[in-house]
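A look at the structure
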Amino acid sequence: MLKHLWIFIAMVVASANVMAQDEENENETEATESEIIAQEEEIEEQEEQADLAFIDSVESANAKTDTIKVFNDLPVGFDNKMDSLLNEYYKSVIVTPKRRKCVSDSIGVGCSDEVYIARLQKIPAIMELAYNPIVKKHIELYVLKRRKQVENMLGIGEYYFPIFEQELEAAKLPLELKYLPVIESALNPLAFSRAGASGLWQFMYGTGKLYGLEGNSLVDERRDPIKATHAAVRFLGDLYKIYGDWSLVIAAYNCGPGNVNKAIKRANGKKDYWAIYPYLPLETRGYVPAFIAATYAMTYYKEHNICPAKMQMPVLCDTIRLKERVHLGQIAEVMKIDIKLLRSLNPQYRKDIIPGNGEVYTLCLPQKSISSFIDQKDSIIAYKADSFALNRAVVLPAKADPYYRGMRGGAIGKGVYVVKKGDSLSSIAKRRKVSVAKLKQWNNLKSDRIRAGQRLRIR
């Protein structure tokens, strides 16, 4: 039933788009302004009913099967937050102590619409945090169904959120934008989308290059928490200069300005996210609601009995600029630091190697280890340099078999004897102090017959 309702809505929206395009191209005047408004209101009412029906169906199904359902309009990255890669990342940075002062409830409790609305309005945000049934289902996806994920992100956020806040504050952008990576990557710097976006802020390769993020076989700066955050803040600032509305900005961040511009045109020029909602790509329709929901969950987690996980990543870190080639394994072994921790702090190095190709790269270390690294830098770089090298710097080719000419301009090596007239195997063997049997074996001879000018191997 629900499927048919969505198909009907899609047909109505498609029909409305075709009519709008025909009116623009052919200047048709049959439809009056009142008819268009009535049609839009009818579509909005049908969508709202579909959303409510969908929520009811999800809650009913979950009550019977206790299975997490995925909404059709969730962002692509949001839908993949509990995959094996993410869980492995959480395991590498999260520590579960034997005793915890705060223990999350396994089952959360939802709130009334009035409570959700009041709480959203209390959040000190510049961005509009509007509420509707679509936002509600995303909020409850976080606080009811993905509580463990929220717990982990709160723990990891203790490390990443200050980095985001510093860059946003410096650029005078809304600090609540720090929650954008929550729905982009679930705060996993190694996240890689089906479309090829990478890192905390999910930059596409071309966009990353445009904003100064290097990419090669050893380095992907889209994964660098500091550089990628700086690039994302610049990108968001540029988008705001275009739209002047933060909801449209983050929609454009997700699907690109081209798709947002087309949606605005189809909505008769309305520059309002909820007005252009039906004309956006399906994933982007859930993007702003997911952002509002993430902002709510990260703010009111205590009210839903969710406790931040304890992480092992140190909050106090510092960076060192390096031109030398060094492997994270060298640093880990010399300084007795867990290699997993170094990888978590330096996720931009794909093969654990800081290239050292004349360019300056940054190494992030716990603040307490900075002085020690400076003191031991030369020793670290020299430590097992050959075994940690990805490629050999110099390789000498193997010498040709002395039986063959060519390595020394045609000269014959010491291990080759040229048979002279009157030679026999026995006389050659006697002079070279070897047996006849060995000579025959080395030269694959089946008899004792040899000829002048013949070359014999003498090993």
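Attention in this report is confined to the structure presented alongside it. (Residues numbered from 1 in each chain as written. Predicted model: local features only at pLDDT ≥ 70, side-chain atom pairs only at ≥ 80, totals over all residues. Heavy atoms only, no water.)

Some points on the overall build of the protein
When helices and strands are tallied, the protein shows 21 helices and eight strands. Sorting the 459 residues of the protein into buried and exposed places 45% on the buried side. Within the protein, contacts between residues at least 6 apart in sequence are counted, and of these 69% link residues at least 24 apart. Of the roughly 25100 Å² that the protein leaves accessible, carbon and sulfur atoms contribute 52%. (Helix = DSSP H or I, 4+ residues; strand = E, 2+ residues; numbered from the N terminus. Buried < 20%, exposed > 50% of the residue type's maximum accessible area, 1.4 Å probe, protein only. Contact = heavy atoms within 4.5 Å. Areas by Shrake-Rupley, 256 points an atom, 1.4 Å probe, with all protein chains shown as cover.)

Points about the side chain of Ser-198
Mapped onto the secondary structure, Ser-198 falls in the loop between helix 8 (180-185) and helix 9 (205-210). Ser-198 has contacts with Ala-191, Phe-192, Phe-203, Asp-220, Arg-222 and Arg-223, leaving out every residue within four places of it along the chain.

Topic: the pattern of salt bridges
This structure, assessed with the given rule, holds 13 salt bridges. Linking Glu-165 and Lys-178 is a salt bridge whose minimum nitrogen-to-oxygen distance equals 2.5 Å. One end of the pair, Glu-165, is in helix 7 (residues 147-170); the other, Lys-178, is in the loop between helix 7 and helix 8, with 13 residues separating them in the sequence. Taking relative accessible area as the criterion, Glu-165 reaches 26% and is therefore assigned partly exposed. One salt bridge connects Lys-384 with Glu-333, and the closest N-O pair in it is separated by 3.5 Å. Taken as a pair, Lys-384 in the loop between helix 18 (370-382) and helix 19 (385-388) and Glu-333 in helix 16 (residues 328-335) lie far apart in primary sequence, 51 residues in all. Residue Lys-384 is classed as partly exposed on the basis of its relative accessible area, which comes to 44%. Shared partners join several salt bridges into a network, and the residues in it are Asp-220, Arg-222, Arg-223 and Arg-350. (Salt bridge = Lys/Arg side-chain N within 4 Å of Asp/Glu carboxyl O.)

Examining the nonpolar core
Across soluble globular proteins, you tend to see nonpolar side chains buried next to one another. With 98 residues, the main nonpolar core has Tyr-142, Trp-201, Tyr-253, Val-260 and Ile-331 as its most contacted residues. Not counting the four nearest positions on each side in its chain, Tyr-253 is found in contact with Leu-180, Glu-184, Trp-201, Phe-203, Ala-232, Phe-235, Leu-236, Leu-239 and Tyr-287. (Core = buried A, V, L, I, M, F, W, Y, C linked by side-chain atoms within 4.5 Å.)

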